[in-house]
Amino acid sequence: MDRKTLIAIAISFLILVLWQKIIIEPRVSQGIHASPSASPVPSNALLNDNNLNSASQYNEKMLMVEKQSAQQSLRQVSIQTGTGPLSLSNGNSLITNWQLKDYHTEINKNSALVDLTLITNNNKQFVFAFDDPHLSYLETSYGTLKSEPTGGLFEYEDQNIRLTKHVVASENQQYLDVAIMAQFKTKKPKYAFLSLFSHGTKDDQEAQDRQIVYWTNNDLERILVQNVSKQTDVATTVKYIGTASRYFLLSVINRGLNEPRALIQPMGPLAARVSLVYPIIGDSIEIPVRVYFGPKNLESLRSAEPLLDHTVDFGWFTVFAYPLLRLLKWFYTFAGNYGVSIILLTLLLKIVTYPLTLKSMKSMKEMAKIQPQIQKLREKFKDDKEKLNKEMLILMRSHGYNPMAGCLPILIQMPIFFALYRVLYSSIELYHAPFALWVTDLSSRDPYYVTPVLLSITMYIQQKLTPTTATDPTQARMMQFMPLIFGAFMLALPSGLTLYMLVNAVASIFQQIILNKKLGGPNVTPVVAQAK
């Protein structure tokens, strides 16, 4: 990795961070609001605890119904799915827990299984409600729940409504199919809501990855839970909604012809609710949906809904990320260790990009040869920038140097680097995956910071072996601190990513030695020496 590459990567990191913080996150947090032409969700659709009991007070009959419902006890039924055991309840929150049998909270295999409560910090999911406050007593009512060979059946009926939720599950499927049917006997509401919840915590390690997601307009929208500050009505139809963490996803996918919209609501500090909003046209409504809770594994996601694979955040360079992930998994099939797979993938990329590195190196050597003449031009035309640029261009052309020849190879490599960064950061395959010695989890930072320190040292050595074209003292001083800057970057990043950077730096040192022998040793300009 030559010095131009180091500068380009550092600047790109800074631009990406600033773009995310200044542009993307403020826009995302605003959400997508209903256009004037769209029929808005009524203000009383805000489903909070303050109006849960309002309907029970509108007459004595409904008060009696609520008291009778409250006397019934909560009942749960456990069923098996392809991802693990699931608990259904006879309350309005159909899903109370869901464990993932193949994933533990810690590296120790005897530790607790990852479950729905751990990922969302909420033990009530898949809540069904209506915009009519006269039906809000259903939130605290209990129905009957019975187990079936293929899943479970929830039933509830009173003077106002008959409600059923039929759940179909299988140990061969990593999702649930749920059919909801509501028949209205008296007053008909305008909207039905199917809701998921996500709560953050004060010192939330997942804060930057805890998201509300939904698919609309052939694209995935993401909102950080911590940025949900006001109610947002999504004006366009929605295919699915979900609550996501870095490695796991809970999602509800619409499967009916009645296309819903979405409603996103703050539920207090660091908490949010996302709902599918179904318009009710007749005296009844049928809502078939699919529910997925599990790892953000591409194959698992696609088995539930092909479009769910977009919830794996590979960033802007997804087109490169997919083949890189396939290569990583291919290396794992015979290496049996994702740390070794990262090393092999890194070496493969160094071999593939060697022609580009060689071309960039040749360009830098040509540039280094004319540095003294360029410096003289800078001094001669220091007060005339236009004349300076013109003379520099003439000088470069006269020596057969093309500025783009040095930049283009770097620009081609940048998407690969950032795609691999997202793969190593987001891929569930690295969750609790061990490497060797003290690196027991490639998805978390190096506990002893050994690899970031080694990275800084190897980058310093690499820097000394690389020819420089720096003529500005400020730029030269900045380059001297680049190894420390990169080492600091890696302190909090996953050790899998740090391992990639370290192996890449070590490979670059050997590559640089070979190139120096082939093209001649590094040229150090007087300005760099002066800047030390």
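Nothing here was measured: the structure is a model prediction, and the numbers come from that model. (Residues numbered from 1 in each chain as written. Predicted model: local features only at pLDDT ≥ 70, side-chain atom pairs only at ≥ 80, totals over all residues. Heavy atoms only, no water.)

**Observations regarding helix α11 (residues 450-465)**
Side chains that are three or four residues apart share a direction in an α-helix, a result of its 3.6 residues per turn.
Phase 1 of the analysis: Over its 16 residues, α11 runs 23 Å from end to end, which matches the ideal 22 Å to within 8%, given 1.5 Å per residue.
Phase 2 of the analysis: All of the buried residues along α11 are T451, P452, L455, S456, T458, M459, Q462 and Q463. (Helix = DSSP H or I, 4+ residues; strand = E, 2+ residues; numbered from the N terminus. Expected span 1.5 Å × (residues − 1). Buried < 20%, exposed > 50% of the residue type's maximum accessible area, 1.4 Å probe, protein only.)

**Observations regarding the environment of F418**
Phase 1 of the analysis: Residue placement: F418 occurs in helix α10 (residues 403-426).
Phase 2 of the analysis: For the pair F418 and W316, spaced 102 residues apart in sequence, the C-alpha to C-alpha distance is 8.6 Å.

**So, the sheet that holds strand β7 (residues 151-157)**
Phase 1 of the analysis: Pairing within the open sheet is antiparallel, and its nine strands lie in the order β6-β7-β8-β9-β18-β15-β14-β11-β12. If you trace the sheet from one side to the other, it starts and ends with β6 (144-148) and β12 (219-224), each paired once. Mean inter-strand twist for the sheet, computed between neighbouring axes without regard to direction, equals 15°.
Phase 2 of the analysis: Here strand β8 (residues 161-168) pairs with strand β9 (residues 176-184) via eight bridges, running antiparallel. (Pairing = 2+ DSSP bridges. Axes fitted to C-alpha atoms, helices over the stretch in contact; angles between N-to-C directions.)

**Observations concerning a nonpolar patch on the surface**
Phase 1 of the analysis: Judged by side-chain polarity, Y449, V453, L454, I457, Y460, I461 and L491 come together as a nonpolar surface patch covering roughly 590 Å² of accessible area.
Phase 2 of the analysis: Position of I457 among the secondary structure elements: in helix α11. (Patch = residues over 30% accessible without salt bridge, like charges linked within 9 Å, V, L, I, M, F, W, Y side chains within 5 Å. Areas by Shrake-Rupley, 256 points an atom, 1.4 Å probe, with all protein chains shown as cover. Salt bridge = Lys/Arg side-chain N within 4 Å of Asp/Glu carboxyl O.)

**Overview of the nonpolar core**
Phase 1 of the analysis: F126, F130, L176 and V291 are the most contacted members of the largest nonpolar core, which totals 59 residues.
Phase 2 of the analysis: Discounting residues that sit within four places of it in the chain, L176 has contacts with I79, T81, L86, I95, W98, V167, V168, A169, V289, R290 and V291.
Phase 3 of the analysis: One finds L249, L328, L349 and L455 within the second-largest nonpolar core, a separate group that totals 51 residues. (Core = buried A, V, L, I, M, F, W, Y, C linked by side-chain atoms within 4.5 Å. Contact = heavy atoms within 4.5 Å.)

**Structural notes on the side chain of R290**
Phase 1 of the analysis: Checked against the element boundaries, R290 lands in strand β18 (residues 284-295).
Phase 2 of the analysis: Within the structure, the side chain of R290 is placed 2.8 Å from the side chain of D177, a separation counted as a polar contact.
Phase 3 of the analysis: Apart from the residues within four sequence positions on either side, R290 is in contact with Y175, L176, D177, S251, V252, I253, R255, S303 and A304. (Polar contact = N/O pair within 3.5 Å; in protein donor to acceptor, adjacent residues only side chain to side chain.)

**Considering helix α9 (residues 385-398)**
Phase 1 of the analysis: Its 14 residues place the ends of α9 20 Å apart at the C-alpha level, agreeing with the 20 Å of an ideal helix rising 1.5 Å per residue.
Phase 2 of the analysis: Among the residues making up α9, those that are buried are L388, M392, L395 and M396. Around the axis of α9, the buried residues are gathered within 95° of arc, so they sit on the same side. Relative to its buried face, α9 has exposed residues pointing more than 90 degrees away, namely E386, K390, R397 and S398. (Arc of directions from axis to C-beta.)

Function cannot be inferred from these measures alone, as they are strictly geometric.
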